[in-house]
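Descriptive structure summary
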Amino acid sequence: MASFGWKRKIGEKVSKATSQQFEAEAADDKDLADDDAANWVHATKRRKKILVEDCVKKSKELKDEGANLAEKRRYREAIQKWDKALQLTPEDATLYEMKSQVLMSLHEMFPAVHAAEMAVQRNPRSWDAWQTLGRAQLGLGEIALAIRSFQVSLHIFPMNPEVWKEDLSWARKLHEQQKATKTEAVQALAKEKELSQESIPDYDFESDEIVAVCAAIAEKEKALSAAKTVVIVSASGTVETVTEKENCPTAPDETLFIRAR
């Protein structure tokens, strides 16, 4: 009977040379795999870079086409071009700012303000985006907001004469007119309220004249209540006016007359 013993470990009889050759081949395979992974990552980044460059290039072409259309007053077509460009480069603040200008030309003030706000969000350092936002807000009657936007534009570019002499000056003039109009309205309302609250003249209801008038009215009402006038139409068509007294014992025969008051 064979004696029981521990099993030998796998690979115990493998020679040292064979083991070293195996390790070397495994290292080469690992290096090759690492190189393939690195090449794949590099290729992916390169493709992404090329795609971004293509998007930027195509967006610029669409932007220029839209600008040419806007110069020809073909505003709707220009907006369509810029919307396509925004799908490629959604962070381009210039596209939103140009779109806002065209929308103002179409008198669409709410979309114009929204587009200008998007431009400011994407590039808060763009003085022309703040200027366009101020003009759009002015178109909506938001004078105080427009003044603030023009001030921010000047803070970014203090030497801009257009914003200083035209936009901000006009906005401040409108603001003064608005304040004057509000003041006049408040004063008119206060005057109207004051007139409505004026006290009623104090009449002397116990004077001799008032007492005499009241007595005359009472006598007239008493006479009218004592006598009643009746219009009587006979069967033959004769019309007669009769004054009835309160103590009248009898009344006309209703079978012979038609009685109307």
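Cut-offs used in this document
Residues numbered from 1 in each chain as written. Predicted model: local features only at pLDDT ≥ 70, side-chain atom pairs only at ≥ 80, totals over all residues. Heavy atoms only, no water. Helix = DSSP H or I, 4+ residues; strand = E, 2+ residues; numbered from the N terminus. Buried < 20%, exposed > 50% of the residue type's maximum accessible area, 1.4 Å probe, protein only. Contact = heavy atoms within 4.5 Å. Areas by Shrake-Rupley, 256 points an atom, 1.4 Å probe, with all protein chains shown as cover. Expected span 1.5 Å × (residues − 1). Arc of directions from axis to C-beta. Core = buried A, V, L, I, M, F, W, Y, C linked by side-chain atoms within 4.5 Å. Phe/Tyr/Trp six-rings, centres within 6.5 Å; stacked < 30°, edge-to-face > 60°. UniProt positions renumbered as here; feature names shortened; annotations may be inferred. Axes fitted to C-alpha atoms, helices over the stretch in contact; angles between N-to-C directions. Parallel < 35°, antiparallel > 145°, perpendicular 65-115°, else oblique. Left-handed = near helix turned anticlockwise from the far one by under 90°. Nonpolar A, V, L, I, M, F, W, Y, C, P; charged D, E, K, R; others polar.

Once that is clear, we can look at the overall build of the protein chain. In terms of helices and strands, the protein chain carries eight helices and three strands. A total of 261 residues make up the protein chain; the buried ones form 24% of that total. Of the contacts made within the protein chain by residues no fewer than 6 positions apart, 42% connect residues no fewer than 24 positions apart. Split by element, the accessible area of the protein chain, about 20,600 Å² in all, is 57% carbon and sulfur.

Look at helix α2 (residues 75-88): 20 Å from first C-alpha to last across 14 residues, which is about the 20 Å you get at 1.5 Å a residue. Among the residues of α2, Tyr-75, Ala-78, Ile-79, Trp-82, Ala-85 and Leu-86 are the ones counted as buried. Buried residues along α2 cover an arc of 120° about the axis, so they all sit on one side. Facing away from the buried side of α2, by more than 90 degrees, are the exposed residues Gln-80 and Gln-87.

What follows concerns unusual backbone geometry. Negative phi is the rule for most residues except glycine; trans is the rule for most peptide bonds. Backbone geometry at Arg-73 places phi at a positive 65°, although glycine is not the residue there. One non-glycine residue, His-107, lies in positive phi territory at about 60°. Position of His-107 relative to the elements: it lies in the loop between α3 (93-105) and α4 (109-122).

Turning next to the nonpolar core. The biggest cluster of nonpolar side chains holds 30 residues, and the ones touching the most others in it are Ala-70, Trp-82, Val-102, Trp-130 and Leu-133. Counting residues per element, the ones that place at least two in this core are α1 (16-71), α2, α3, α4, α5 (127-139) and α6 (143-156). Counting residues per element, this core draws most heavily on α4, which supplies eight residues.

Aromatic ring pairs are described here by two measures, namely the spacing of the ring centres and the angle between the planes. Counting across every chain of the model gives one aromatic pair. Measuring from ring centre to ring centre gives 5.3 Å for Trp-127 and Phe-157, while their planes differ by 55°; the resulting arrangement is tilted. With a gap of 30 residues between them, Trp-127 in helix α5 and Phe-157 in the loop between α6 and α7 (161-196) connect regions that are remote in the sequence. A relative accessible area of 31% places Phe-157 in the partly exposed class.

On to the environment of Arg-125, then. Relative to the helices and strands, Arg-125 resides in the loop between α4 and α5. Exposure remark for Arg-125: the relative accessible area of 58% places this residue in the exposed category. Note: C-alpha distance between Arg-125 and Ser-153 (28 residues apart in sequence) is 8.5 Å.

What follows is about the environment of Leu-154. On the secondary structure map, Leu-154 appears in helix α6. Looking at Leu-154, the relative accessible area reads 9%, which means it is buried. Beyond its immediate chain neighbours, meaning those up to four positions away, Leu-154 contacts Asn-160, Val-163, Trp-164 and Leu-168.

UniProt records the feature "repeat: TPR" (unreviewed entry) at residues 59-92 and 127-160, using the numbering of this structure. Taken end to end, residues 59-92 has its terminal C-alpha atoms 9 Å apart, with 79% of it in helix and 0% in strand. The distance separating the terminal C-alpha atoms of residues 127-160 is 9 Å; by composition the span is 79% helix and 0% strand.

Viewed as axis vectors pointing N to C, α5 and α6 meet at an angle of 165°, and their least axial separation amounts to 8 Å. On the basis of the axis angle, α5 is roughly antiparallel to α6. Along this stretch, α5 crosses α6, giving a crossing that reads as left-handed. Residue-level inspection shows Trp-127, Trp-130, Gln-131, Leu-133, Gly-134, Arg-135, Gln-137 and Leu-138 of α5 in contact with α6, the latter providing Ile-143, Leu-145, Ala-146, Arg-148, Ser-149, Phe-150, Val-152, Ser-153 and Ile-156. Broken down by class, the residue content of the contact of α5 with α6 amounts to 10 nonpolar, five polar and two charged.

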